[in-house]
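Here is how the chains run, residue by residue.
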Amino acid sequence: MRPLRAVGSSPAQMSLEGLLTRIAKGDQAAYVALYDRTSPVVYGLIRRVLRDPAQSEEVAQEVLLEVWRTATRFDAERGSANAWIMTMAHRRAVDRVRSEQAARDRDDKVGVRDASVGFDEVAEEVQARLEHQQVRRALDQLTDLQREAVQLAYYGGRTYREVAELLDTPLGTVKTRLRDGLIRLRDTLGVRS
Amino acid sequence: MSDNIHLLAGAYALDALTIDERALYERHLSVCEACRLEVAEYAETAAELGVAAAANAPAGLRARVLTEIERTRQVSATPGGPASLSRRVQRVLTPVAAGLVALVIGLSGAVAVLWQDNQRLEATVAEERGLAELVAAGHSVTMTGQIDVPATFVYDPDRDEGVLVATGLSAPAEGMTYQLWVIRDGQPVDAGVFGSDGRLATATASESLHEAEQVAVTMEPAGGVDQPTGEILLSGDL
Ligand SMILES: [Zn+2]
């Protein structure tokens, strides 16, 4: 018996990039395959940043719909599908955190979140819930300052100004640590660019 | 920040810039190939951090999303080019940059205050001179319609760039967004979605203005739509 479909053409076997190309042409079956593969990471990341499950679900829905809506604009030459989707998810989550924060600031005029609480919460969550051994090991390769800064920014949704304040470190140093932290992570993880 | 804006690539890739800084840096990205490459690389690394946070999505989400896509139209693909990175994120200019525009086109008091608030970023704004040049190019159209707020569309046909600036535009209704349209041959083309904080709203057209006869604004479901469904709230002839 010959297979009915050529190898690689079944949505379950296709790369995310291949799926996005099909989705861009309105292929709903391809979208279902992409949903099943990416919704755990999209939701998980948003949940990590936002923490509130209801809000996380709302933002995840927006992002997953946005993937459908704008698949036509994905350009594989500019980066992977995974990065395209995760960038969108992270940006939306962070923007939501910031607008919530702005609303709270208007209410109670407390400009900066409590430093000790903020850092411990994030660090604990990250340590407790990082499933990916490889990423955890890569984070372990960073200096303490690099790791704390990257985690507060990425998982905590903080601006580098907030990170500087929380870690009691000059702005310029934080800016540089975020950048060289990423470079070290990239080298350790061996991520293709 | 103005002397070493390239160093912000890491903070940008981690979304650790404020909204103001992000917009300025994206303006820089549109002219700096080195930073674009760097950011693309960091985005891959950051995505790995994101993947490590995987969790089971709530059961009901799948059915809702799959139902939604049935009635969500996809946007048309836009041509690539250096500006498409910022197009992709549908850049909304910041009060800093908008303050500059508004000041130049003379939109009065409240905006002047904003300008002062943000004067510390003046050097960077001046360095990232794009917007000032846009204003200097001198084409501006008053937008009018159902909403009675001062609104201007500033554009430069040569650079094919345009920015909408509206003061006092109320925030869009819950679950809704404003959407900018470029009308060409009588057909509206999606030029990006934007919000408003009730004081000052700005939106950079993500669609080419070539041979466009009009720009218009409608209110649409969050995320925007492929063709306008709402009434025209503001419009102006180019
Ligand atoms: Zn640069």
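Draft legend 1. Molecular detail of unusual backbone geometry. Unusually for a residue other than glycine, Arg51(A) sits at a positive phi of about 70 degrees. Position of Arg51(A) among the secondary structure elements: in the loop between helix 2 (28-50) and helix 3 (53-70). The backbone of Asp15(B) shows a phi angle near 55 degrees, a positive value even though the residue is not glycine. The residue Asp15(B) is located in the loop between helix 1 (9-13) and helix 2 (19-29) in this model.

Draft legend 2. Quick peek at the packing of helix 9 (residues 171-189) of chain A against helix 3 (residues 33-51) of chain B. Between helix 9 of chain A and helix 3 of chain B, the least distance of the axes is 9 Å, while the angle of their chain directions is 70 degrees. In terms of orientation, helix 9 of chain A lies roughly perpendicular with respect to helix 3 of chain B. As for how helix 9 of chain A packs across helix 3 of chain B, the hand of that crossing is left-handed. Seen from helix 9 of chain A, the contacting residues are Arg179(A), Leu182(A), Ile183(A), Leu185(A), Arg186(A) and Leu189(A); seen from helix 3 of chain B, they are Glu38(B), Glu41(B), Tyr42(B), Thr45(B), Ala46(B), Glu48(B) and Leu49(B). Per-class residue counts for the contact of helix 9 of chain A with helix 3 of chain B are seven nonpolar, one polar and five charged.

Draft legend 3. Region of interest: the pairing of strand 5 (residues 187-194) of chain B. All names here are of chain B. Burial of strand 5 is extensive: seven of the eight residues sit out of reach of the surface. As paired strands, strand 4 (residues 176-184) and strand 5 are joined by six bridges and run antiparallel to one another. Bridged to Tyr-178 within strand 5 is Phe-194. Counted between consecutive antiparallel strands, the loop separating strand 4 from strand 5 contains two residues, among which Asp-185 sits at a positive phi close to 50 degrees.

Draft legend 4. Representation of the side chain of Asn82(A) in the model. Here Asn82(A) is to be found in helix 4 (residues 81-108). Contact partners of Asn82(A), with chain neighbours within four places excluded, come to Leu16(A), Glu17(A), Ala47(B), Glu48(B) and Val51(B).

Draft legend 5. Highlighting the sheet that holds strand 7 (residues 214-221) of chain B. Residue and element names in this part refer to chain B. Spatially, 5-4-7-8 is the arrangement adopted by the four strands of the open sheet, whose pairing is antiparallel. Strands with a single pairing partner mark the edges of an open sheet, and in this sheet they are strand 5 and strand 8 (232-237). Averaged over all neighbouring strand pairs, the angle between strand axes comes to 25 degrees, with direction disregarded.

Draft legend 6. Local environment of helix 3 of chain B. With 19 residues, helix 3 of chain B ought to run about 27 Å at 1.5 Å a step, and its terminal C-alpha atoms sit 27 Å apart, in line with that. Most of helix 3 of chain B is tucked away, with 14 of its 19 residues classed as buried.

Draft legend 7. Seen up close, the pattern of salt bridges. All names here are of chain A. Summed over all chains, the structure comprises 22 salt bridges over all chains. The salt bridge involving Arg-96 is made with Glu-58; its shortest N-O contact spans 3.0 Å. Taken together, the residues span a long stretch of sequence, with Arg-96 in helix 4 and Glu-58 in helix 3 at a distance of 38 residues. Relative accessible area serves as the criterion here: at 16%, Arg-96 is assigned to the buried category. When its relative accessible area of 40% is taken as the criterion, Glu-58 is described as partly exposed. The structure contains a network of salt bridges with shared partners spanning Glu-58, Glu-62, Glu-66, Arg-69, Arg-92 and Arg-96.

Draft legend 8. A look at the packing of aromatic side chains. Tallying each qualifying case throughout the model produces four aromatic pairs over all chains. Relative to Trp68(A), the ring of Tyr31(A) lies with its centre 5.7 Å away and its plane at 85 degrees, an arrangement referred to as edge-to-face. You can see Tyr31(A) sitting in helix 2 and its partner Trp68(A) sitting in helix 3, a full 37 residues away along the chain. One exposure class covers both Tyr31(A) and Trp68(A), and it is buried. Seen from their ring centres, Tyr12(B) and Tyr25(B) are 5.1 Å apart, and the 45 degrees between their planes marks the pair as tilted. With a gap of 13 residues between them, Tyr12(B) in helix 1 and Tyr25(B) in helix 2 connect regions that are remote in the sequence. For the pair Tyr12(B) and Tyr25(B), one class covers both residues: buried. In this structure, Arg48(A) is placed above the aromatic ring of Tyr155(A), and the distance from its NZ or CZ to the ring centre is 5.1 Å.

Draft legend 9. Examining the interface of chain B and chain A more closely. On the side of chain A, 66 residues touch chain B, which itself brings 65 residues to the contact. In total, about 6100 Å² of surface goes out of reach between chain B and chain A, with carbon and sulfur atoms giving 56% of it. Taken together, chain B and chain A are joined by eight salt bridges. Salt-bridge contacts for Glu26(B) lead to Arg91(A); the nearest nitrogen and oxygen are separated by 3.5 Å. At the level of elements, helix 1, helix 2, helix 3, helix 4 (59-70) and helix 5 (84-88) of chain B are the ones that each hand at least two residues to the side of chain B that touches chain A. The element best represented in the side of chain B that touches chain A is helix 3 of chain B, accounting for 13 residues.

What counts, and where the lines are drawn
- Residues numbered from 1 in each chain as written.
- Chains lettered and ligands numbered in written order.
- Predicted model: local features only at pLDDT ≥ 70, side-chain atom pairs only at ≥ 80, totals over all residues.
- Heavy atoms only, no water.
- Helix = DSSP H or I, 4+ residues; strand = E, 2+ residues; numbered from the N terminus.
- Axes fitted to C-alpha atoms, helices over the stretch in contact; angles between N-to-C directions.
- Parallel < 35°, antiparallel > 145°, perpendicular 65-115°, else oblique.
- Left-handed = near helix turned anticlockwise from the far one by under 90°.
- Contact = heavy atoms within 4.5 Å.
- Nonpolar A, V, L, I, M, F, W, Y, C, P; charged D, E, K, R; others polar.
- Buried < 20%, exposed > 50% of the residue type's maximum accessible area, 1.4 Å probe, protein only.
- Pairing = 2+ DSSP bridges.
- Expected span 1.5 Å × (residues − 1).
- Salt bridge = Lys/Arg side-chain N within 4 Å of Asp/Glu carboxyl O.
- Phe/Tyr/Trp six-rings, centres within 6.5 Å; stacked < 30°, edge-to-face > 60°.
- Lys NZ or Arg CZ within 6 Å of the ring centre and 35° of its normal.
- Buried area = accessible area lost by both parts, 1.4 Å probe.

Just geometry here; none of it tells us what the structure is for.
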